[in-house]
Amino acid sequence: MTDRHSSASPTVVRLVEYTKTELTEILNDSTDPFGVADAGLTWLPKKDHFGIRQKDRLVAHAGLLQLPISIDGVATQVVGVGGVAVAPDLRGHGLARSVVSAALDHARTMGPQHGLLFCRPPLVQLYQRLGWRTLEQDVHVEQPEGPVIMPLRTMWTPLRDGANWPAGEVRLLSLPM
């Protein structure tokens, strides 16, 4: 009998830094590594970074940033998840699940009740398999020229037992993460 969690589970580490160099190590050199350049958005860098290394190579990443949000006019905070990346040659091996799960474990210690992310439509099913839920309404986000409606799909996950997403207009009171 083998233990599924032994060597099969990759070890996720907290990264001291995450720069263009580390991103390039995972996704190679690309002008649009996340496929969102056509959305025309300005993004915030993440504050906390989690990664998976295999044979001295960074192969996966997820970042976190606590952000102000208004839901139905009530100011609160969310933990934004972003910069999720898995090396193309290693996709389909559970690395996204591992690195996002580790990031969410940390997010649960930060205080907010909800995690939030933005993704391209082809990635919605991946995040649904990881327990994320689609937010069906428009979400306004700040941009240098003023608020815009987020053109990507918005998804959320509870960070506390029993945390449900409240009804009402959603405004991210900062640049997106």
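Located above this text is the structure these notes cover.
These notes cover the structure that comes with them. Because the structure is a prediction, the values reported are computed rather than measured.

Looking only at helices and strands, the chain has three helices and ten strands in total. Counting from the amino terminus, the chain carries its helices and strands in the arrangement β-α-β-β-β-α-β-α-β-β-β-β-β. What you see for the chain is a C-alpha radius of gyration of 16 Å, in line with the 16 Å of a compact globule of 177 residues. Projecting the C-alpha coordinates of the chain onto the three principal axes gives extents of approximately 50 × 40 × 30 Å. Here the analysis covers contacts within the chain between residues at least 6 apart in sequence; of these, 72% occur between residues at least 24 apart. As presented, the chain carries roughly 9500 Å² of accessible surface, and 50% of it is formed by carbon and sulfur atoms. Seen as two clouds, the 17 positive and the 18 negative side-chain charges of the chain have centres 6 Å apart.

Let us look at helix H1 (residues 20-27). Within an α-helix, residues lying three or four positions from one another point in the same direction, as the helix has 3.6 residues per turn. Within the span of H1, buried status applies to Glu 22, Leu 23, Ile 26 and Leu 27. One side of H1 holds all its buried residues, which, seen down the axis, span an arc of 115°. Trailing H1 by a residue or two, Asn 28 shows a phi angle of about 65°, which is positive.

Moving on to the nonpolar core. With 34 residues, the main nonpolar core has Val 100, Tyr 127 and Trp 132 as its most contacted residues. Put simply, the parts of the chain that give this core at least two residues each are H1, strand S2 (48-54), strand S3 (57-71), strand S4 (74-86), helix H2 (95-107), strand S5 (114-119) and helix H3 (124-129). Top element by residues in this core is H2. It accounts for seven residues. Dropping the residues within four chain positions of it, Val 100 is found in contact with Ala 62, Val 84, Leu 130 and Trp 132. Counting residues in each nonpolar core, the second largest holds 19 residues, with Val 141, Met 150, Leu 152 and Trp 165 among its members.

We now examine the packing of aromatic side chains. Considering all chains together, one arrives at two aromatic pairs under this definition. For the ring pair Tyr 127 and Trp 132, a centre distance of 6.3 Å and an interplane angle of 80° mean the geometry is edge-to-face. The exposure class assigned to Trp 132 is buried, which follows from its relative accessible area of 3%. Ring centres of Trp 156 and Trp 165 lie 5.8 Å apart, and the angle between their planes is 45°; on these two criteria the pair is classed as tilted. Exposure class is identical for Trp 156 and Trp 165. Each is buried.

About the criteria used
- Residues numbered from 1 in each chain as written.
- Predicted model: local features only at pLDDT ≥ 70, side-chain atom pairs only at ≥ 80, totals over all residues.
- Heavy atoms only, no water.
- Helix = DSSP H or I, 4+ residues; strand = E, 2+ residues; numbered from the N terminus.
- Rg over C-alpha atoms; globule rule 2.2 N^0.38 Å.
- Contact = heavy atoms within 4.5 Å.
- Areas by Shrake-Rupley, 256 points an atom, 1.4 Å probe, with all protein chains shown as cover.
- Lys, Arg positive; Asp, Glu negative; His and termini not counted.
- Charge placed at Lys NZ, Arg CZ, Asp CG, Glu CD.
- Buried < 20%, exposed > 50% of the residue type's maximum accessible area, 1.4 Å probe, protein only.
- Arc of directions from axis to C-beta.
- Core = buried A, V, L, I, M, F, W, Y, C linked by side-chain atoms within 4.5 Å.
- Phe/Tyr/Trp six-rings, centres within 6.5 Å; stacked < 30°, edge-to-face > 60°.

Shape descriptors only; they carry no functional weight alone.
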